[in-house]
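# Summary of structural features
Listed below, chain by chain, are the residues.
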Amino acid sequence: MRFLRRLLVFASIFAGLLILVAVSVYVIFGRDVDPPNDADLLPVFRQVAAEENGFHLVDFTEEDLTGTDEAEELWELFVRGRDLDPMTEGSAEEGSDAPDSGDENVGEEAADDDFEPIFVEGWDEALARKIVADNAAYLGRLDDCLARPDFAIKVDDPADPDFGYLSAWRDLVSIVQLKTALLMLDEKPEAAIAECGKILRFGRRIQRSQGALHHGFYGNAIIVAGLEAIRGVLARSAPESDTLRRLADELGEYGVDSAALVDLIRGEYLLASSLVDSLLERPQWRTEAPEGSWFDRLFLRLTFKPQKTKQIIASEYRSLLEYCQSPGTQVQPPPEPELDVFNLRGAEVYSILSPTPWGPIYFRLVRGQDFFLRAHRLLLALRCHEMEQGSLPESL
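First things first, this report covers the structure right here in the doc. (Residues numbered from 1 in each chain as written. Predicted model: local features only at pLDDT ≥ 70, side-chain atom pairs only at ≥ 80, totals over all residues. Heavy atoms only, no water.)

## Some points on the overall build of the protein chain
The number of helices and strands found in the protein chain is 15 helices and zero strands. The contacts of the protein chain with a sequence gap of at least 6 include a subset with a gap of at least 24, amounting to 84%. Carbon together with sulfur atoms contributes 54% to the accessible area of the protein chain, which is approximately 21,500 Å² in total. (Helix = DSSP H or I, 4+ residues; strand = E, 2+ residues; numbered from the N terminus. Contact = heavy atoms within 4.5 Å. Areas by Shrake-Rupley, 256 points an atom, 1.4 Å probe, with all protein chains shown as cover.)

Here it is as structure tokens:
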């Protein structure tokens, strides 16, 4: 009897110690840090009236467009067949009626027959016209969008954003490129240049939309697509020199916009921060224990520290802002945080949301865009000189 009483006392003391240890672990190691002071990282959104915001006009998905895959393929075929000068070697390879280089009048004939279309196998003009006609309503919405005073992206739920319109914008630009091809075939080079300008302005508006770095990547890609369309027009037609000069002046306005870059970085941080805050409410982040049980709360508190995770992420976004606001300087990213056994899920979140791997990549793309813009301005200037003087300048 005495033995049993001692055993019960020992068991009670042992259970009490276990409870004390569990509570101590919960309180000490389950404690999160204070929320980060991230006021400098949060975006300050422009207040744009709905009737002035062009975003809503192009807020649709790729399923709304038709023939997008064919549009991209047809544009590539059109560009590949852009060897239009009958004196070039490529024309002869395509089986064109290029004059023999031994003909003494070849130069005169070439001058009269410049930019005669040559197509590669697979080009289908009838299909191209059908695709453009079928998507005329959405091309019109792009025109209306560019006519609005502003373009500001609205994210209804930063923790679970819907960016379905991004792929639609890529496809819409392919259709605009195809439209430039048809305008060149219709001998309307000035109208084709105008469509190139729309692509450029659309990409620029996306870059200045106060969205996130996701939008910056797409804006950059769309501007590059506009430059590609310009090269296609110059290869297949001869716009007036005044038109090319106006386009060159417009390209000068699309250089690096540091303020827009800062907005995109802050927008991306808002998405990352909101996602971290929402994870505790997501079923896939809970255990198999009943939701709200003591084990559920203990497990989450011991493996995931939202505020500590946000502090780590915030430090990296500050590094990106410093990099962006100090062009030409080499800003070292913060060291990778040490493994915290009581924030294992936080480390997992950090590995996904950290901007360090791809943030500098975007900056290099932006600097590359600036270089391409300068190169295309030079290209336009050379074409103007050639059209007005009959030859390229002897030096730059």
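Having seen it, we continue.
## Considering the packing of aromatic side chains
Scanning all chains against the criterion turns up 13 aromatic pairs. When the centroid spacing of 6.2 Å and the interplanar angle of 90° are considered together, the rings of Phe-151 and Phe-202 count as edge-to-face. In this pair, Phe-151 sits in the loop between α6 (136-147) and α7 (164-185) while Phe-202 sits in helix α8 (residues 189-207), placing the two residues 51 residues apart along the sequence. Residue class for Phe-151 comes out buried when judged on its relative accessible area of 2%. Joined through ring pairs, the aromatic side chains of Phe-55, Phe-151, Phe-163, Tyr-165, Trp-169 and Phe-202 make up one cluster. The positively charged end of Arg-236 is found above the aromatic ring belonging to Phe-78, 3.9 Å away from the centroid. (Phe/Tyr/Trp six-rings, centres within 6.5 Å; stacked < 30°, edge-to-face > 60°. Buried < 20%, exposed > 50% of the residue type's maximum accessible area, 1.4 Å probe, protein only. Lys NZ or Arg CZ within 6 Å of the ring centre and 35° of its normal.)

## A look at the packing of α8 against helix α9 (residues 213-236)
In contact at an axis separation of 7 Å, α8 and α9 are set at 165° when each is read in the N-to-C sense. Judged by the angle between their axes, α8 and α9 are roughly antiparallel. The handedness of the crossing between α8 and α9 is left-handed. Residues Pro-189, Ala-192, Ile-193, Cys-196, Ile-199, Leu-200, Phe-202, Gly-203, Arg-204, Ile-206 and Gln-207 of α8 form the contact with α9, whose participating residues are His-215, Gly-216, Gly-219, Asn-220, Ile-222, Ile-223, Ala-225, Gly-226, Leu-227, Ala-229, Ile-230 and Val-233. (Axes fitted to C-alpha atoms, helices over the stretch in contact; angles between N-to-C directions. Parallel < 35°, antiparallel > 145°, perpendicular 65-115°, else oblique. Left-handed = near helix turned anticlockwise from the far one by under 90°.)

## Quick notes on helix α13 (residues 306-325)
Taking 1.5 Å per residue as the helical rise, α13 with its 20 residues ought to reach 28 Å, and the 28 Å between its terminal C-alpha atoms agrees with that figure. Within α13, burial applies to Pro-306, Gln-307, Thr-309, Lys-310, Ile-313, Ala-314, Glu-316, Tyr-317, Ser-319, Leu-320, Leu-321 and Cys-324. Next to the buried residues of α13 lie α11 (258-278), α14 (344-353) and α15 (359-389). (Expected span 1.5 Å × (residues − 1).)

## Observations regarding empty space enclosed by the protein
In total, this model carries two cavities of 30 Å³ or more according to the counting rule given. Put simply, the largest cavity is a space of about 90 Å³. If you go around the largest cavity, the residues you meet are Arg-204, Gln-207, Arg-208, Gly-255, Val-256, Asp-257, Ala-260, Leu-261, Leu-264, Tyr-362, Val-366 and Gln-369. Looking at the lining of the largest cavity, the elements with two or more residues in it are α8, α11 and α15. Of the residues belonging to the lining of the largest cavity, the class tally is six nonpolar, three polar and three charged. Considering only enclosed or pocket space, the second largest cavity measures out at about 30 Å³ in volume. Along its surface, the second largest cavity is lined by Leu-139, Leu-142, Asp-143, Val-176, Lys-179, Glu-195 and Lys-198. For the lining of the second largest cavity, the elements supplying multiple residues, two or more each, are α6, α7 and α8. (1 Å grid on protein atoms, 1.4 Å probe; cavity = no way out; pocket = protein on both sides within 12 Å on 5 of 7 lines; lining within 4 Å. Points joined across faces, edges and corners; volume = space filled by probe spheres on them. Nonpolar A, V, L, I, M, F, W, Y, C, P; charged D, E, K, R; others polar.)

## Thoughts on the pattern of salt bridges
Evaluated as defined, the whole model comprises 17 salt bridges. For Lys-198, the salt bridge identified is with Glu-195, shortest N-O distance 2.9 Å. With a gap of three residues between them, Lys-198 and Glu-195 both fall in helix α8, about one helical turn apart. Since its relative accessible area comes to 7%, Glu-195 is described here as buried. Of the charged contacts, one joins Lys-310 and Asp-277 as a salt bridge, the two residues approaching to 3.1 Å between their closest N and O atoms. With a gap of 33 residues between them, Lys-310 in helix α13 and Asp-277 in helix α11 connect regions that are remote in the sequence. (Salt bridge = Lys/Arg side-chain N within 4 Å of Asp/Glu carboxyl O.)

## What about a nonpolar patch on the surface?
A cluster of nonpolar side chains, contributed by Leu-4, Leu-7, Leu-8, Phe-10, Phe-14 and Leu-18, occupies part of the molecular surface with about 620 Å² of accessible area. Looking at the secondary structure, you find Leu-4 in helix α1 (residues 2-28). Under the relative-accessibility criterion, Leu-4 is labelled partly exposed at 45%. (Patch = residues over 30% accessible without salt bridge, like charges linked within 9 Å, V, L, I, M, F, W, Y side chains within 5 Å.)

## A short note on the side chain of Asn-53
Position of Asn-53 among the secondary structure elements: in the loop between α1 and α2 (68-80). At 3.1 Å, the side chain of Asn-53 forms a polar contact with the backbone nitrogen of Phe-55. When near neighbours in sequence (up to four residues on either side) are disregarded, Asn-53 contacts Val-48, Arg-148, Asp-150, Phe-151, Ala-152 and Lys-154. (Polar contact = N/O pair within 3.5 Å; in protein donor to acceptor, adjacent residues only side chain to side chain.)

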